[in-house]
Amino acid sequence: MSTLDPSSSTPSLESKNWAPDSWQQKPTLQQPNYDDPQALAIATRTLAELPPLVTSWEVEKLKSHLAEVAEGQRFLLQGGDCSESFADCRSELIAGKLKILLQMSLVLIHGCKKPVIRVGRFAGQYAKPRSNDMETRDGLSLPSYRGDIVNSNGFTEADRRPNPELLLRGYERAAMTLNFIRSLIDGGFADLHHPEYWDLAFMRHSEKQAEYERLVESIGESIRFLEVVSGGHLGEVDRVEFYTSHEGLLLQYEQAQTRRVPRRTGWYNLTTHLPWIGDRTRNLDGGHIEYFRGIENPVGVKVGPKITPSELVQLIETLNPTNSPGKIVLIHRFGTRKIVEHLPALIEAVERGRLSVVWCCDPMHGNTEVVDGGYKTRQFRNILSELEQAFDVHRQCGSYLGGVHFELTGEDVTECTGGARNLSPADLGRAYRTQVDPRLNCEQALEMAMLVAQRMRTV
Ligand code: PEP
Ligand code: CO
């Protein structure tokens, strides 16, 4: 009896002329200039020999869940810091991020009546794209800060020198972060049996207080009811699945942990479950698309106002030539004033090509502004408005908005304005901690999830 080769429908990578380092033959944007090639070679060789952070079966499981999102049967929640910092690799901060994502997911499950896949922007979100290669202050020009895995945020020559050793320091911190998250989840940290213990003091400031209280009460009731009916403890509530993601920007890092695994075909990036390509590095002829077209992981692609429908179709066909469901997550980020102008044509092109994708809305990156005092911020109402428009546009176009993508933290920071406590630009200085983009604080994040959940009940 002949056995079917599971890879027979996929063009072989040899025929695709791909290797983990083939991106090096292409122009590759947003890479640091390491000045010591030998030190870089030693660091990447060392990195390649370390055990992986995730496994191929977790990656495949996420891909199959994402295929169900594409079919409209699940919902995706992705969130975390804009940029993780090495200093923030601390237990209370990691636990706080995990907790807010779990709480949001429960609220969303209640709203959309579907299982929610939770994906953190963490355990590797250390490299950032920058608008300029150099930064000048008082006549001194130094390389821009590109995230803790590349250089440091201080403004001296030593701080800003890209240091290949940091690739290893980043990988170690990613491992510690993930190790802690896995233990918390295994230990039943996510006790969502008692939503009444959630800190909802901020609701006192909201006109929707009564509605929120009913929602929290009814989540508690639903859990208790299901447990009575099923005669046991509801596993999904205290043993949840959690996946990691980061922008696959620094290709030396991604390449080093891209490997074959026993009994599977293809190459896996084992630094994370869901790497994504940023809006600035998704050019078709560049190194990032070259790297990403060869890996088996599901791949996120950020798309902003500059992409054209035909470019998007080419991008999807390059990254997913077999049109496998669950492979591509299109994360659109236009800004509240641009989404209606740009999104419909992209949806139409994807539908016309019968391309299978997960549509996910990032309402953060198109809504960044700088206010007096020089703070980079985002207004809660603009974030919410882009999301609401995303639900409307997808409904009108007959597509399914399958996910949301937030920059958020479990801490009580003041980086975005608005929300139930109505933070103003004058409040920003109080606890502005982000090194790059402004995040929703824990109250704003939970409030956002509640508003999205209410919205989904009516979609
Ligand atoms: C980000 O997600 O932090 C980011 C830089 O996004 P984008 O690529 O959408 O600009
Ligand atoms: Co960001």
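Refer to the structure presented above.
Because the structure is a prediction, the values reported are computed rather than measured. (Residues numbered from 1 in each chain as written. Chains lettered and ligands numbered in written order. Predicted model: local features only at pLDDT ≥ 70, side-chain atom pairs only at ≥ 80, totals over all residues. Heavy atoms only, no water.)

Student: Explain the pairing of strand 4 (residues 140-143) to me, and be specific about the residues and the numbers.
Tutor: Two elements, strand 3 (residues 134-137) and strand 4, share four bridges in a ladder whose sense is antiparallel. The partner of Thr136 across the bridge, within strand 4, is Ser141. Counting the residues in the hairpin turn of strand 3 and strand 4 gives two residues, including Asp138, whose phi is positive at 45°. (Pairing = 2+ DSSP bridges. Helix = DSSP H or I, 4+ residues; strand = E, 2+ residues; numbered from the N terminus.)

Student: Quick one: what's the story with helix 13 (residues 442-458), residue by residue and with numbers?
Tutor: Taking 1.5 Å of rise per residue, the 17 residues of helix 13 would be expected to cover 24 Å, and the 25 Å separating its terminal C-alpha atoms lies within 8% of that figure. With respect to burial, helix 13 is a largely interior element, 14 of its 17 residues being buried. If you check the start of helix 13, you find a side-chain oxygen 3.2 Å away from the backbone N of Glu443, and it comes from Asn441. (Expected span 1.5 Å × (residues − 1). Buried < 20%, exposed > 50% of the residue type's maximum accessible area, 1.4 Å probe, protein only. Polar contact = N/O pair within 3.5 Å; in protein donor to acceptor, adjacent residues only side chain to side chain.)

Student: Hey, could you go over the coordination of the cobalt ion (ligand 2) for me, with residue numbers and the actual values?
Tutor: The protein atoms donating to the cobalt ion (ligand 2) are Cys82 (SG), His365 (NE2), Glu407 (OE) and Asp437 (OD), with metal-donor distances spanning 2.1 to 2.4 Å. Within one chain, the residues donating to the cobalt ion (ligand 2) are spaced in sequence as C-x282-H-x41-E-x29-D. With Cys82 in the loop between strand 1 (75-80) and helix 3 (91-112) and Glu407 in strand 14 (residues 401-407), this residue pair connects regions lying 325 residues apart in the sequence. (Donors = N, O, S within 2.8 Å, 3.2 Å for Na, K, Ca; no water.)

Student: So what's going on with helix 2 (residues 56-70)? Residues and values would help.
Tutor: Taking 1.5 Å per residue as the helical rise, helix 2 with its 15 residues ought to reach 21 Å, and the 21 Å between its terminal C-alpha atoms agrees with that figure. Considered for burial, the residues of helix 2 that qualify are Ser56, Glu58, Val59, Leu62, Lys63, His65, Leu66, Ala67 and Val69. Positioned one or two residues after helix 2, Gly72 has a phi angle of 85°, which is positive.

Student: Any details on the packing of helix 11 (residues 339-352) against helix 12 (residues 380-397)? Residues and values, ideally.
Tutor: Two elements in contact, helix 11 and helix 12, have axes whose closest approach is 10 Å; the angle formed by their N-to-C orientations is 35°. Seen along the crossing, helix 11 lies across helix 12 with a hand that is right-handed. Contact residues: Ile339, Val340, Leu343, Pro344, Ile347 and Glu351 in helix 11; Glu386, Gln389, Ala390, Val393, His394 and Cys397 in helix 12. (Axes fitted to C-alpha atoms, helices over the stretch in contact; angles between N-to-C directions. Left-handed = near helix turned anticlockwise from the far one by under 90°. Contact = heavy atoms within 4.5 Å.)

Student: Provide a residue-level description of unusual backbone geometry, including the pertinent values.
Tutor: The backbone of Lys113 shows a phi angle near 55°, a positive value even though the residue is not glycine. Turning to its location among the elements, Lys113 is positioned in the loop between helix 3 and strand 2 (116-120). Under the relative-accessibility criterion, Lys113 is labelled exposed at 60%. The backbone of Arg263 sits at a positive phi, close to 60°, despite the residue not being glycine. Take Arg263: it is sitting in the loop between strand 6 (258-259) and strand 7 (268-269). What makes Arg263 exposed here is its relative accessible area of 83%.

Student: Quick rundown of the sheet that holds strand 10 (residues 328-332)? Include the residues and the values.
Tutor: Reading around the barrel, the eight strands line up as 1-2-5-8-9-10-11-14 and close back on themselves, with parallel pairing between neighbours. Across this sheet, the average inter-strand angle for adjacent strands is 25°, counted without regard to direction.

Student: Give a detailed account of the pattern of salt bridges, specifying residues and quantitative values.
Tutor: Following the criterion strictly, the structure yields 29 salt bridges and no others. One salt bridge in this structure joins Asp279 and Arg333, with 3.4 Å as the shortest N-O distance. Here Asp279 is found in the loop between strand 8 (274-277) and helix 9 (287-292), whereas its partner Arg333 is found in the loop between strand 10 and helix 11, with 54 residues between them in sequence. Looking at Asp279, the relative accessible area reads 21%, which means it is partly exposed. Arg395 is the partner of Asp392 in a salt bridge, and the nearest nitrogen-oxygen pair spans 3.8 Å. Within this pair, Asp392 and its partner Arg395 are both found in helix 12, separated by three residues, close to a single helical turn. (Salt bridge = Lys/Arg side-chain N within 4 Å of Asp/Glu carboxyl O.)

Student: Just give me the short version of the packing of helix 3 against helix 13, but keep the residues and values in it.
Tutor: At a closest axis distance of 7 Å, the pairing of helix 3 and helix 13 adopts a crossing angle of 15°. Here helix 3 lies roughly parallel to helix 13, going by the angle between them. As for how helix 3 packs across helix 13, the hand of that crossing is right-handed. Here Ile100, Gln103, Met104, Val107, Leu108, His110, Gly111 and Cys112 of helix 3 come into contact with helix 13, specifically with Cys442, Ala445, Leu446, Ala449, Met450, Val452, Ala453, Met456 and Arg457. Looking at side-chain class alone, the contact of helix 3 with helix 13 contains 13 nonpolar, three polar and one charged residues. (Parallel < 35°, antiparallel > 145°, perpendicular 65-115°, else oblique. Nonpolar A, V, L, I, M, F, W, Y, C, P; charged D, E, K, R; others polar.)

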